[in-house]
Amino acid sequence: MTSPAASPRSTALSRFASPVILLALMWIIQLADALLPGSFSGFGLRSWDLAGLGGIVASPLLHASWGHLLANSLPLLVLGCLVAVEGARRFWAVTAFIAVIGGLGTWVFNTPGTLTVGASGLVFGYFGYIVMRVFAPARVAHRILYAAVALIVIALYGGSMLAGVVGVSEGISWQAHLFGAIGGGVAALAGRRRGPAALRDRSG
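Calculation rules
Residues numbered from 1 in each chain as written. Predicted model: local features only at pLDDT ≥ 70, side-chain atom pairs only at ≥ 80, totals over all residues. Heavy atoms only, no water. Helix = DSSP H or I, 4+ residues; strand = E, 2+ residues; numbered from the N terminus. Buried < 20%, exposed > 50% of the residue type's maximum accessible area, 1.4 Å probe, protein only. Polar contact = N/O pair within 3.5 Å; in protein donor to acceptor, adjacent residues only side chain to side chain. Contact = heavy atoms within 4.5 Å.

J.: An account of the side chain of Q175 is requested, with residue identities and associated values reported.
T.: Turning to its location among the elements, Q175 is positioned in helix α7 (residues 174-194). What makes Q175 buried here is its relative accessible area of 8%. Within the structure, the side chain of Q175 is placed 3.4 Å from the side chain of N110, a separation counted as a polar contact. Ignoring any residue separated from it by four or fewer positions in sequence, one finds Q175 in contact with T106, F109, N110 and G180.

J.: Outline the environment of S18, listing residues and values.
T.: Checked against the element boundaries, S18 lands in helix α1 (residues 6-35). We classify S18 as buried; its relative accessible area is 5%. The spacing of S18 and F91 is 73 residues in sequence and 7.3 Å in space, taken between C-alpha atoms. Dropping the residues within four chain positions of it, S18 is found in contact with A88, F91 and W92. A polar side-chain atom of S18 sits 3.2 Å from a polar atom in the side chain of W92.

Rendered as C-alpha cells:
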C-alpha cells in the first residue's frame, strides 16, 4: 500500500518525466547521428514534398548540430515542465498539437524543398500554450496562477520568442516558430472548448 506522502511525489515525478524523456530522446538521436555514418537530418520536414511529411514527427527530434540542440534544450525543458504540470497525457497531447499544426504550417509556407529540423517549434508551441492557457476555464484562483505564470514566461522568453518570428537570421525557420506557437495556442483553446473536466489529468 502506497503511503499518502509518497503518492504526490510519484505523481510529480511521472508528470515531469515526460519532458525529460523527450529531451533525452533528442540527445540520444543526436549522439547516434554523430557516431553513425550519414546524417539523420534527411528525415526532417521537407516543404512541398509529400514524401517529406513524415518529418512532422521526426523533425522536432533532429538537430543540425550540438549547438543547435543545446540552444533548444533549456527552454524546452523549462517550458515543457510548465505544460507537464497538468499531467503526462496533457503534455503529450499538447506536443502532438504543436508538432502537427507547426509541421503542416511550415510545410506549406516554407520555400519548396526547404529542409527543417529542430525542436524550436515545440519550444514556441509550449510558450503559446502557456500564454493562451489563461483563457481556458478554471477556478478564479487557477486563472490568477496561470496568468502569473504566463507573465513570468513572457518576461523571460517573450523577447526571444518575438525575435524568433520577426527577426530571424537566414537559415532559421520563422515558419516553424510561428506555427509552433499557433499550435500551442490551438491546444489551449481546444481544452477550453472541451470544458473544465477535460483539463484534469487524473492519471498523472
